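This is what each chain is made of:
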Amino acid sequence: MGTPSPRAVLVLAAALAGLLAPRAAYGQPNFIVILADDVGWGDLGANWAETKETPHLDELAAEGTRFVDFHSAASTCSPSRASLLTGRLGARNGVTHNFAVTSVGGLPLNETTLAEVLQEAGYSTGAIGKWHLGHHGHHHPSFRGFDYYFGIPYSHDMGCTDTPGYNLPPCPPCPRHGAAARIARKDCYTEVALPLFENITIVQQPVNLSSLAARYAEEAARFIRRASDSGRPFFLYLALAHMHVPLGVPSPPPASGRGIYGAALSEMDALVGWIKRVADSHGKGNTLLWFAGDNGPWAQKCELAGCLGPFVGAWQRQRGGSSAKQTTWEGGHRVPALVYWPGRIPAKRTSHALLSTLDIFPTLVALAGVALPPNRRFDGLDVSPVLFGWSDVGHKVLLHPNSGAAGKDGEIETLRLAQYKAFYTTGGAMACDGSIGPAEHHQPPLIFNLDRDIQEQEPLDLASREYQAVLPAISRAYAQALEDIATDNVSVADYSKDPAATPCCNAQHVACRCQAPGSHAAVLDRRTERRATRLCL
C-alpha cells in the first residue's frame, strides 16, 4: 500500500481528534432518555403534517436531529425496555414477553443495565416512570443501577385507581368496601390498586392518574437539579405513561381536534418541553436528550390509539388484524425518535440511517468514555457518528423479534437488510374491530422493498429478478444472525408468578389501599412504610 504522506497523516489525526472531541473536550456529558409508551410514528407533527398537538417535540426536532428509520427493539413493553437498557435483544437477555403484577422474576440479574455501567463510571442515575422489568426483590430498579426511582413498576393499566381515566373498554374505579362492591370487567384489574413507588417504598396506592404527569415532571426536574448541584454527570431514564391507556386528561374531554387522544398527546408534548427547558437551564450544551417510542400504537384501543403515519402494513390489514403494536410490521416497531444536544448534534437535520433503541446503550456508554460489559455480544451499535452528522449509515441488518401477534415470543422471524424486509412469519394483533390476523409461515420468506412500498402492501414476486437477487443475501444474514445468538452468552428470565409478589402497601385494606377509604393523604405513615418495604421486596 505504500507509506502515507505527511498530509494524509495530518488529515487522519484531525479526523481522530474530531471523533474524540465530544467527550474529551467537554467531559462526561449528561444523558436524558425519554421513552414514550405506545406512541405512533405519525404522532409527531415533525413526522406527519396532520398532527398539530406536538409543538415542543417539533421544536426539539428543529433544534436537533430527527430519525425517520428508527425502530424499537421489540413491539411490546417489557422486551422493548429490556433491550434498551441492555443493548441486547430478548433472544439474548431473556426478556421475550411482558412481566405480570405477580411476577417473581424480571430482567435477569446477570444482565448489566446501562444504569449500572454509568453508575460505575461516576454518574448519578435516576429512573422515573414505568419500569416493567420486574419489581420483586432485586429486580426492582433500585437494585439495577438507579440511585433514585419514582414511578409505577409496570403499565398503569395493571391495577385499579380512583381516577380510571379513558380506556376501551372502560374500567371501574377501585373497590372501597369489600368484595360486594367489586365489579369484574374483562381486561380490567379490579383486585389490587396501582402502586406508586419512591425507591423501594410505596408512597401511594392507588395512584392518582390525574396528577401523575405533573408528578413525573416535578420529580424529573428535581433529579436534574440535584444531580447538577452535585457536580456529577447524570443519567435520567424517564419512561412516560403517555400514550398508553388509560389516558388521563381533564374532564370533560375536548370537543375538537383528536379528542381525548389529542389532549393526552398535548400533555405529553408539554411535559417533554418542560424537561428540555429544565435541562437547558442546568448546563445547556452538556446534556444529550434522546426521545423515542417503546413500540407502535395499540390499535385495539381504537380512537385512544396513536397514528401510524404511512406505515399501515397493508398486506396484513387486507387479511385481518392490526399491523401495529405486538406485530413485526413497520407500524409495530418503527417509532418517532429525536436527539438534541445543542452545539454538538446538528440542528434541522433528518437522518435516514437504520437505527434502533438497541443503539442507545452502546452509544451513551461510548460517549461517557467507558467500556461495554465483557463476555456478551450486543445487537446495538455505537451510532455517535450518525448523531454528530459525520455519517448516515446505521445497521445493515436489523432483527425484529416476535412480540405477541404471531410465532413464539422473542424468536426472530422478521429481519431488515438495507431496504428489504423479510418475513418468515406474519400475523396481525387484535384490531379495533376485534379481528385478529392468523399466523402464517413463509418459506421462502415474503420480501418487501420498503424504498418503493413503505405501506408493506405488495411483496416481491418470487419469480422476479429482484427477489432472486436479494434472497441469497437475506438467507445468509438470517442464518448468521441465528448462529450468533445461539453461540452467545444467553440469559433466561424467570417468568414464574406468585401472588405474594404483588406490590401491596396494606393487605388489610380493600385493594391494598395505603389508607382507609376516604383518606386523601398521599404519603404513608412510618408504620405502613415499613410494612410496604417488607411486602414489596
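Here we summarise the structure given alongside this text. Just so we're clear, the structure is a prediction, and the values are computed from it rather than from any experiment. (Residues numbered from 1 in each chain as written. Predicted model: local features only at pLDDT ≥ 70, side-chain atom pairs only at ≥ 80, totals over all residues. Heavy atoms only, no water.)

### A look at the overall build of the protein
Condition: Helix and strand labels come from DSSP, where a helix needs a run of H or I of at least four residues and a strand needs a run of E of at least two; each type is numbered from the N terminus. Only protein chains enter the accessibility calculation, which uses a 1.4 Å probe; a residue whose area is less than 20% of its type maximum is buried, one above 50% is exposed, and one in between is partly exposed. Two residues qualify as a contact provided that any one of their heavy atoms is within 4.5 Å of a heavy atom in the partner residue. Only the protein chains shown count as covering a residue, and every accessible area follows the Shrake-Rupley method with a 1.4 Å probe.
The secondary structure content of the protein amounts to 13 helices and 16 strands. Here the protein holds 537 residues, and the buried ones make up 58% of them. In the protein, the share of contacts with a sequence separation of at least 24, taken over all contacts with a separation of at least 6, comes to 72%. A total of about 20700 Å² of accessible surface is found on the protein, and carbon and sulfur atoms cover 55% of it.

### Let's talk about the layout of surface pockets
Selection criterion: Cavities and pockets were defined on a 1 Å grid built over protein atoms only: a cavity is a set of grid points that admits a 1.4 Å probe from which the probe cannot escape, a pocket is an open set flanked by protein on both sides within 12 Å along at least five of seven lines, and lining residues are those with an atom within 4 Å of any such point. Grid points are joined across faces, edges and corners, and a volume is the space filled by probe spheres set on the points. For this classification, the nonpolar set comprises Ala, Val, Leu, Ile, Met, Phe, Trp, Tyr, Cys and Pro, the charged set comprises Asp, Glu, Lys and Arg, and every other residue, Gly included, is treated as polar.
Roughly 660 Å³ of internal volume is contained in the largest pocket. Lining the largest pocket we find 30 residues, and of these Asn 98, Asp 157, Tyr 189, Trp 298 and Gln 326 sit closest to its centre. Of the residues belonging to the lining of the largest pocket, the class tally is ten nonpolar, 13 polar and seven charged.

### Considerations on the side chain of Ser 103
Here is the rule: In protein, a polar contact requires one atom able to donate a hydrogen and another able to accept it; more generally it is a pair of N or O atoms within 3.5 Å, and residues adjacent in sequence count only if both atoms are side-chain atoms.
For Ser 103, the position within the fold is in the loop between α4 (90–93) and α5 (114–120). Among the polar contacts made by the side chain of Ser 103, one reaches the main-chain amide nitrogen of Ala 100 at a distance of 2.7 Å. Once residues lying within four places of it in the same chain are set aside, the contact partners of Ser 103 are His 135, His 136, Ser 496, Lys 497 and Ala 501.

### Here we look at the nonpolar core
The cut-off we apply is this: For the purposes of this section, nonpolar cores are sets of buried Ala, Val, Leu, Ile, Met, Phe, Trp, Tyr and Cys residues that join through side-chain atoms within 4.5 Å.
Judged by nonpolar contacts, the single largest core of 54 residues is most densely connected at Ile 32, Ile 34, Leu 236, Leu 238, Met 268 and Phe 291. Elements with a minimum of two residues in this core: β1 (30–36), α2 (55–63), β5 (148–151), α6 (212–230), β8 (234–239), α7 (259–281), β9 (287–293) and β10 (337–340). The greatest single-element share of this core, amounting to ten residues, is contributed by α7. Counting residues in each nonpolar core, the second largest holds 50 residues, with Phe 31, Ala 337, Leu 355 and Ile 360 among its members.

### Quick notes on the sheet that holds strand β13 (residues 397–401)
Rules: Whether two strands pair depends on DSSP finding at least two bridges between them. For helices, the fitted line uses only the C-alpha atoms of the stretch in contact; every axis is such a line through C-alpha atoms, and the angle between N-to-C directions lies from 0 to 180 degrees.
Reading across from one edge, β13-β14-β15-β16 is the order of the four strands in this open sheet, with antiparallel pairing throughout. Unpaired on one side and paired on the other, β13 and β16 (440–449) mark the two borders of the sheet. When the angles between neighbouring strand axes are averaged without regard to direction, this sheet yields 20 degrees.

### So, the state of the cysteines
We apply this condition: Cysteine sulfurs are considered disulfide-paired once they come within 2.5 Å of each other.
If you walk through the whole model with that rule in mind, you get five disulfides. Each bonded cysteine in the protein gets a number by its place in the sequence, and the pairs come out as 1-3, 2-4, 5-6, 7-9, 8-10.

### A few points about the pattern of salt bridges
As a working rule, side chains carrying opposite charge can pair if their charged atoms are close by. The test is simple: By convention in these notes, a salt bridge is any Lys or Arg side-chain nitrogen within 4 Å of a carboxyl oxygen on Asp or Glu.
In total, this model carries 25 salt bridges according to the counting rule given. Linking Arg 334 and Asp 69 is a salt bridge whose minimum nitrogen-to-oxygen distance equals 3.3 Å. Taken together, the positions of Arg 334 in the loop between α9 (330–333) and β10 and Asp 69 in the loop between β2 (65–67) and β3 (70–71) put the pair 265 residues apart, joining distant regions of the chain. On the basis of relative accessible area, Asp 69 is assigned to the buried category, the value being 8%. Three or more residues are tied together by salt bridges with common partners; here these are Arg 88, Arg 92, Glu 111, Arg 377, Asp 379, Asp 484 and Asp 488.

### Brief notes about the sheet that holds β8
Reading across from one edge, β7-β6-β5-β4-β8-β1-β9-β10-β2-β11 is the order of the ten strands in this open sheet, with mixed pairing throughout. A strand with exactly one partner marks an edge of an open sheet, and here the two such strands are β7 (201–204) and β11 (349–351). In this sheet, adjacent strand axes meet at a mean angle of 20 degrees when their direction is disregarded. With three bridges connecting them, β2 and β11 associate as parallel partners. Each bridged residue has a counterpart across the sheet, and for Phe 67 the counterpart in β11 is Ser 351. Packed on one face of the sheet, helix α3 (residues 77–86) meets β1 and β8 and runs near 170 degrees to β8. Across the face of the sheet, α6 comes into contact with β1, β4 (124–129), β5, β6 (196–198), β7 and β8 while running at roughly 175 degrees to β8.

### Here we look at the pairing of strand β14 (residues 412–417)
Where burial is concerned, most of β14 is hidden: six out of the six residues are buried. Across five bridges, β13 lies against β14 in antiparallel orientation. Its bridge partner being in β14, Pro 401 is matched across the sheet by Ile 412. Hairpin remark: β14 followed by strand β15 (residues 420–426), antiparallel, with two residues in the connecting loop; positive phi at Ala 418, about 55 degrees.

### Considering unusual backbone geometry
Cis geometry is found at the peptide bond from Leu 168 to Pro 169, where omega equals -5 degrees. When you line up the elements, Pro 169 lands in the loop between β5 and β6. In this structure, Asp 38 is a non-glycine residue whose phi angle is positive, near 60 degrees. Its place among the elements puts Asp 38 in the loop between β1 and α2. For Asp 38, a relative accessible area of 2% translates into the label buried.

### Some words on α6
Put simply, the rule reads: A helix is expected to span 1.5 Å for every residue after the first.
With 19 residues, α6 ought to run about 27 Å at 1.5 Å a step, and its terminal C-alpha atoms sit 27 Å apart, in line with that. If you check which residues of α6 are buried, you get Leu 212, Ala 213, Tyr 216, Ala 217, Glu 219, Ala 220, Ala 221, Phe 223, Ile 224 and Ala 227. Those residues of α6 that are buried lie in contact with β1, β4, β5, β6, β8 and α7. Positive backbone phi, at 85 degrees, marks Gly 231, one or two positions downstream of α6.

### Looking at the packing of aromatic side chains
Let me state the cut-off plainly: Classification of ring pairs rests on two measures: the distance between centres of Phe, Tyr or Trp rings, Trp counted by its six-membered ring, which must be within 6.5 Å, and the angle between planes, read as stacked under 30 degrees, edge-to-face over 60 and tilted in between.
For the structure on display, the rule yields 18 aromatic pairs. Relative to Phe 311, the ring of Trp 41 has its centre 5.0 Å away and its plane inclined at 85 degrees; by these criteria the two rings are edge-to-face. On the criterion of sequence distance, the pair formed by Trp 41 in the loop between β1 and α2 and Phe 311 in the loop between β9 and α8 (314–317) is long-range, its members being 270 residues apart. No difference in accessibility class separates Trp 41 from Phe 311, as the two residues are buried. Aromatic side chains Tyr 424 and Tyr 478 sit 4.2 Å apart centroid to centroid with 15 degrees between the ring planes, which places their arrangement in the stacked category. Note that Tyr 424 is positioned in strand β15 and Tyr 478 in helix α12 (residues 465–486), a separation of 54 residues in sequence.

### Things to note about the packing of α2 against α7
Stated precisely, the cut-off is as follows: Geometric relationships in this document are graded by angle, where less than 35 degrees denotes roughly parallel, more than 145 denotes roughly antiparallel, 65 to 115 denotes roughly perpendicular, and other angles denote oblique.
Where α2 meets α7, the closest approach of the two axes is 7 Å, and the angle between their N-to-C directions is 45 degrees. Comparing their axes, α7 and α2 come out oblique. In this structure, α2 contributes Pro 55, His 56, Leu 57, Glu 59, Leu 60 and Glu 63 to the contact, and α7 contributes Met 268, Asp 269, Ala 270, Val 272, Gly 273, Lys 276 and Arg 277. Residues that form the contact of α2 with α7 fall into these classes: six nonpolar, two polar and five charged.

### Considering the environment of Ala 263
The topology assignment puts Ala 263 in helix α7. Sequence-wise, Ala 263 and Glu 53 are 210 residues apart; in three dimensions their C-alpha atoms are separated by 7.8 Å.

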